[in-house]
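# Fold and geometry: a report
Now for the letters of each chain:
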Amino acid sequence: MATERKTTSYWFLDYKKFFGTIDHKQIGMLYMMFSFVNIVFAGLLALIMRAELYNPGKDFVESRDWAGYFTVHGTVMIFFVVMAMGAGLGNYLVPKMIGARDLYWPRWNNIAFWMLVPASYFVWSSMAPIGWTAYPPNAIVLGGDKVDRWLIGLILAGTSSVIGAINFLLTVIYLRRPGLTWKKLDLFTWSIVFMAFIQLAATPVITIGLVMEFLARSLGATYFSTNAGSSPLFWQHVFWSYSHPAVYIMILPAMGLTSLIISRFSQTEVFGKVSMILSMAAITLLGFIVWGHHNFTASPNSPPGWFFTLTTFLIAIPSGIKTFNWLLTMYKGKIVVDVPFLFAISFVLGFVLGGVTGVMVNTIPLDLVFHDTYFVVGHFHFIIIGGALSAVSGAIYFIYSDMTGRMYNRKLAYAHYIFWVIGYILTFGSMNVLGALGMPRRYYDYSVLSILPNYDMIVLFNRIATIGAFMQGIAFTIFVFNFIYSAFKGELADEKPYNIAIPRLWMTDEEWEQLENMEVMH
Amino acid sequence: MNKLRRKSLLFVLGFLALINGLYSSIAAPNDYREKYDEIFKIQLILSVIIIIMVLVMAIVLLRKYKSNEAISPKEIKVFHNNKLEIGWTLVATVLVLYLFFISLPPTENFAAANNKQADVTISVIGHQFYWEFAIEGVVNSSFTSLNFTTGEIIPLVLFQNTTYLLKVTSADVIHSFFVPELGFKVDAVPGHYNYVYLENIQKGEYRVTCAEYCGVNHYNMPGLIKVV
Ligand SMILES: [Cu+2]
Ligand SMILES: [Cu+2]
């Protein structure tokens, strides 16, 4: 059995390996590092915006820069932080969990990762004032090359994501160790399969849309303009028929990680594994036919608004099933309450808070008020930050000793946890209240809302949201410090590397040994 | 322990009563807002119950099964309980369908605006960065929400016992005509008309803001509806 500890290797300091590596673990780590760099700067943008909103009125940001900030913050967080984390952890874990030596196409894996770097360069350097939704006519009539840079960046990111998706699917289909049937496959690998399926099916749609916007800007194509018999609303359907499934690209791996962590640390099997897989399948498929819930106020008089309400409500069912299954996984277990476990619980909390607010915003009589307000912002940040990023943080602590050969500092990790959970509840909870009070999103100054009856409350909750955001900033600073510091100075992980570092719950000891001695074929 | 339980139960009930009270004390000025308040109240109470249930389950299970001993993979147990799983699937389905069906009548009502006959049709046109109102069929009735020289907000005056159809569109990019106190918003899309039917609004002043990002002054597009 391969239990002897490797000493820490700083492979990434060798530039040939850094750029040329085709090893899935190293590429996984590159994805994670890339994602860390992006989250630091996109997080700074968020803090700048929250600082500006602490007081009503204009403080230190210019209105013309504001839109660039929220566009880049949103785009980077989605494509270069959360999705990159999903790809990174998938890279790192999937081959191990299915007993493969690497992904199916190691070289393409390297290329897919390195495409993200120019992609993020284009997005960062664009500072396009369009929002991550890039609605025409605004995104088309704007002059300069800002929007074009943003479009090119996203086309590259989409291409990378498709290559990654094909690679994951081929890997799971062809490289599973003998005897590992689909039924035995663990829930994290399943989540990556569903994620890859969505990426493969949905990304081409947005890529075509982005190219259409690009042509509309550069060559005057009229795909989204009224006088050519089309409508700017057409873009919204193209955009959301990708971007709603994209939410599941971000959340599915986090669900898989949560299943993995909760069952490992409770030392039980996941409760209701089959229903967990079916739930993910249901979420994946329903996810393709709910996009219209973003468009109700855009064309309220054209049916069928209720159709999308119904399909979206149905997603609440598998989501609820999953939540209770995660909780019951603890039943009769022997729960080791450690850092990754706590983060998995934080995922469940964020997911539930984002879930109930999601049901609200999907109800059309409520959506008439909540749409395009801070309520929506609070809702999806609960899912993505409270949910997905919590699970990802937990997973990084989970595999930390395996990645670095060293242990992170537990006290710092607990401090990270406390600041993180309190921070996100304060920020995104306040945002929900702000939306219900009538504060629209993407406002750089809300003093104009002083005409509203609850203005005092609007100011108060903006302040609480800002305080929470800075708590999350502190939490993340601790995380990054702990991550880097411990990689060099942390104590060496002992003989039993964090006793449960690499999951092999579904294997018997004999099977595991067999695998260790087996040549894996490509 | 029992005391603590009773206390937390009281706390929860108190909180739910507070939500209930909060939403019954304010009379809604029109039917859209009334439906909003009604449905929001139901969903808020359900949500609080769900969140508390999840937290209680997590805490109880954690306290009960906390342990520090590692066990070998062979000892790992698998639990199944099909009845339980089918049970909560059914409960979730019923709950979700209930929420869907109570939202359906107000949804249809709002959507059917373009089929309704109103006394007066007002066209609302979004501009970067102000609103323009005009009464359809009346020459020279057009005015803007903003007095460009003084910066004052010019109200759109409506009569309580008249019915109105707002015909919302835009002259440039997409805006969104948002009246939080009246419980609706509707996007102003160039080349496209969206209709809102208004009737029987309580006398008072209701504020308008823009809710769809439309450029540098998106945050500063106020308007006012005055019902007399
Ligand atoms: Cu959606
Ligand atoms: Cu606007």
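Predicted model, so just to flag it, every value in this text is computed and none were measured. (Residues numbered from 1 in each chain as written. Chains lettered and ligands numbered in written order. Predicted model: local features only at pLDDT ≥ 70, side-chain atom pairs only at ≥ 80, totals over all residues. Heavy atoms only, no water.)

### Topic: the sheet that holds strand β10 (residues 223-227) of chain B
Backbone-to-backbone hydrogen bonds pair the strands of a sheet. The strands run either parallel or antiparallel. Residues and elements named next belong to chain B. Taken in spatial order, the five strands line up as β4-β10-β9-β6-β7 in an open sheet, and their pairing is mixed. Looking along the sheet, the strands with just one partner apiece sit at the ends: β4 (156-158) and β7 (184-188). Sheet twist, expressed as the average angle between the axes of neighbouring strands with direction ignored, equals 20 degrees. By the bridge criterion, three bridges tie β4 to β10 in an arrangement that is parallel. The residue bridging Val 157 from the neighbouring strand is Lys 226, located in β10. (Pairing = 2+ DSSP bridges. Helix = DSSP H or I, 4+ residues; strand = E, 2+ residues; numbered from the N terminus. Axes fitted to C-alpha atoms, helices over the stretch in contact; angles between N-to-C directions.)

### Comments concerning the coordination of the copper ion (ligand 1)
All names here are of chain A. The protein atoms that coordinate the copper ion (ligand 1) are His 244 (ND1), His 293 (NE2) and His 294 (NE2), at distances of 1.7 to 2.0 Å. Between the donor residues of the copper ion (ligand 1), the gaps in sequence give the motif H-x48-H-H. Across the pair, exposure class does not vary: His 293 and His 294 are buried alike. (Donors = N, O, S within 2.8 Å, 3.2 Å for Na, K, Ca; no water. Buried < 20%, exposed > 50% of the residue type's maximum accessible area, 1.4 Å probe, protein only.)

### With respect to unusual backbone geometry
For the bond running from Pro 136 of chain A to Pro 137 of chain A, omega is 0 degrees, close enough to zero to count as cis. The step from Gln 128 of chain B to Phe 129 of chain B runs through a cis peptide bond, and the omega angle for that step is 5 degrees. Unusually for a residue other than glycine, Met 127 of chain A sits at a positive phi of about 45 degrees. Owing to a relative accessible area of 24%, Met 127 of chain A belongs among the partly exposed residues under this scheme. Even without being a glycine, Asn 140 of chain B presents a positive backbone phi close to 60 degrees. You can call Asn 140 of chain B exposed: its relative accessible area is 76%.

### Things to note about the nonpolar core
Met 330 of chain A together with Phe 177 and Phe 184 of chain B are the most contacted members of the largest nonpolar core, which totals 226 residues. When residues in this core are grouped by element, the largest group, 22 residues, is from helix α3 (residues 63-98) of chain A. Residues lining this core come from more than one domain, with at least three contributed by each of domain 1 (2-111) and domain 2 (116-227) of chain B. If we ignore the near neighbours within four places in the chain, the residues touching Phe 184 of chain B are Leu 368 and Val 369 of chain A together with Tyr 32, Phe 110, Leu 166, Phe 177, Phe 178, Val 179, Val 196 and Leu 198 of chain B. If you look at the next biggest cluster of nonpolar residues, it comprises 12 residues, including Leu 366 and Phe 375 of chain A together with Phe 40 and Phe 178 of chain B. (Core = buried A, V, L, I, M, F, W, Y, C linked by side-chain atoms within 4.5 Å. Domains from an automatic or database assignment. Contact = heavy atoms within 4.5 Å.)

### A closer look at the pairing of strand β2 (residues 130-135) of chain B
Residues and elements named next belong to chain B. Most of β2 sits out of view: five of its six residues are buried. The pairing of strand β1 (residues 120-127) with β2 spans six bridges and is antiparallel. Across the sheet, the residue bridging to Gly 126 is Trp 131, located in β2. The turn joining β1 and β2, which pair antiparallel and follow one another in sequence, is formed by two residues. Where β2 meets strand β3 (residues 143-144), two bridges bridge the pair, whose relative direction is antiparallel. Across the sheet, the residue bridging to Phe 133 is Phe 143, located in β3.

### Some words on the coordination of the copper ion (ligand 2)
Residue and element names in this part refer to chain B. All of the protein donors around the copper ion (ligand 2) are Cys 210 (SG), Glu 212 (O), Cys 214 (SG) and His 218 (ND1); their distances to the metal are 2.1 to 2.5 Å. Between the four donor atoms coordinating the copper ion (ligand 2), the angles at the centre fall across 83 to 128 degrees, so the site counts as irregular. Between consecutive donors of the copper ion (ligand 2), the numbers of intervening residues give the motif C-x1-E-x1-C-x3-H. Considered together, Cys 210 and His 218 belong to a single accessibility category, that of buried residues. (Tetrahedral: all angles 85-135°; square planar, octahedral: opposite > 155°, others 65-115°.)

### Description of the interface of chain B and chain A
Opposite the 82 residues of chain B that make contact, chain A presents 82 residues. Summed over both sides, the interface between chain B and chain A buries roughly 7,200 Å², with carbon and sulfur atoms accounting for 72% of that surface. In terms of surface lost to chain A, no three residues of chain B exceed Phe 79, Tyr 213 and Tyr 219 of chain B, which account for 11% of the buried area on that side. Applying the counting rule to chain B against chain A returns zero salt bridges. Summed over the shared surface of chain B and chain A, the result is 17 residue pairs in polar contact (both at pLDDT 80 or more). Its residues placed into classes, the side of chain B that touches chain A shows 50 nonpolar, 19 polar and 13 charged. (Buried area = accessible area lost by both parts, 1.4 Å probe. Salt bridge = Lys/Arg side-chain N within 4 Å of Asp/Glu carboxyl O. Polar contact = N/O pair within 3.5 Å; in protein donor to acceptor, adjacent residues only side chain to side chain. Nonpolar A, V, L, I, M, F, W, Y, C, P; charged D, E, K, R; others polar.)

### Concerning the confidence of the model for chain A
All names here are of chain A. Confidence along chain A averages 89 in pLDDT terms, with 93% of residues attaining 70 or more. In this model, residues 495-508 is a region of pLDDT below 50 whose contacts with residues beyond four sequence positions or in other chains number 42 contacts. Low pLDDT, under 50, characterises residues 518-522; the stretch is placed with 10 contacts to residues that sit more than four places away or in other chains. (pLDDT = per-residue confidence, 0-100.)

### Digging into the packing of aromatic side chains
What the rule picks out here adds up to 63 aromatic pairs over all chains. With centroids separated by 5.3 Å and ring planes inclined at 35 degrees, the aromatic side chains of Phe 324 of chain A and Trp 88 of chain B adopt a geometry described as tilted. A residue pair is termed interchain when its members come from two chains, as with Phe 324 of chain A in helix α10 (residues 305-329) and Trp 88 of chain B in helix α3 (residues 82-111). For Trp 88 of chain B, a relative accessible area of 15% gives the class buried. Lying over the aromatic face of Tyr 193 of chain B, Lys 167 of chain B brings its terminal NZ or CZ to 4.5 Å of the ring centre. (Phe/Tyr/Trp six-rings, centres within 6.5 Å; stacked < 30°, edge-to-face > 60°. Lys NZ or Arg CZ within 6 Å of the ring centre and 35° of its normal.)

### Describing the domain arrangement of chain B
Residues and elements named next belong to chain B. One can read the domain layout of chain B as domain 1 (2-111) and domain 2 (116-227). Between the C-alpha centres of domain 1 and domain 2 there is a distance of 38 Å. Taken together, the nine residues of domain 1 in the interface contact 15 residues of domain 2. Taking both partners together, domain 1 and domain 2 bury about 880 Å²; carbon and sulfur atoms supply 47% of that area. When the buried area of domain 1 at its contact with domain 2 is split by residue, Pro 29, Tyr 32 and Phe 110 rank highest and sum to 56% of it. Summed over the shared surface of domain 1 and domain 2, the result is zero salt bridges. Across the contact surface, domain 1 and domain 2 share five residue pairs in polar contact (both at pLDDT 80 or more).

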